[in-house]
Amino acid sequence: LVMHHLDVYRIEQLDETARKTAEEVLQETKSGKTLAAIAEARKLSVVTGAPVSRFATTDTVVPRGLLPDIFKAEKGGVVMGQTESGYAVVRVTDIVTATTDTESGDFKRLLETISAAIANDLVQEYTRALRKEYPVTINRAAIDAFYAQP
């Protein structure tokens, strides 16, 4: 695929325009306007998504790249970030404390991830300690000689 300099320039210009528009929308929300009102005035679209968790899957309308900033924001906070197709401005409308439901899929995934990480860390530390305490060298010539015997 060969792109001409003009094509690259156009793409950069479109990206810059989208970024500026998102920044302007972000500023307008700080004056108290709703995203719906701003979007209507600018002929942009607004999508209200379902609640998301830190472990959101691909079935959410919220771009995964914005999740860290969203979870740092307070209720009513607005964040902006780049997406695959441009930029998004997201308002945090509510914060729900996580349940301690040990049967939820999110909890099970977190438990599996943490358990695997801890097990891996323990094995690595144990191996490192053993190598430090009992340094081992492999004598390939002796092994070859042993297996070469009839």
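Since we're looking at a predicted model, the values are computed, not measured. (Residues numbered from 1 in each chain as written. Predicted model: local features only at pLDDT ≥ 70, side-chain atom pairs only at ≥ 80, totals over all residues. Heavy atoms only, no water.)

1. Some words on a nonpolar patch on the surface
Residues Tyr126, Leu130, Tyr134, Val136, Ile138, Ile143, Phe146 and Tyr147 make up a contiguous nonpolar surface patch of roughly 960 Å² in combined accessible area. Elements that contribute at least two residues to the nonpolar patch include exactly α4 (105-133) and α5 (140-148). Ranked by residues supplied to the nonpolar patch, first place goes to α5 with three residues. Inspection of the secondary structure assignment puts Leu130 in helix α4. (Patch = residues over 30% accessible without salt bridge, like charges linked within 9 Å, V, L, I, M, F, W, Y side chains within 5 Å. Areas by Shrake-Rupley, 256 points an atom, 1.4 Å probe, with all protein chains shown as cover. Salt bridge = Lys/Arg side-chain N within 4 Å of Asp/Glu carboxyl O. Helix = DSSP H or I, 4+ residues; strand = E, 2+ residues; numbered from the N terminus.)

2. Quick look at the side chain of Thr29
Within the secondary structure layout, Thr29 lies in helix α1 (residues 5-30). The buried category is assigned to Thr29, whose relative accessible area is 6%. Apart from the residues within four sequence positions on either side, Thr29 is in contact with Leu35, Ile38, Val78 and Arg91. (Buried < 20%, exposed > 50% of the residue type's maximum accessible area, 1.4 Å probe, protein only. Contact = heavy atoms within 4.5 Å.)

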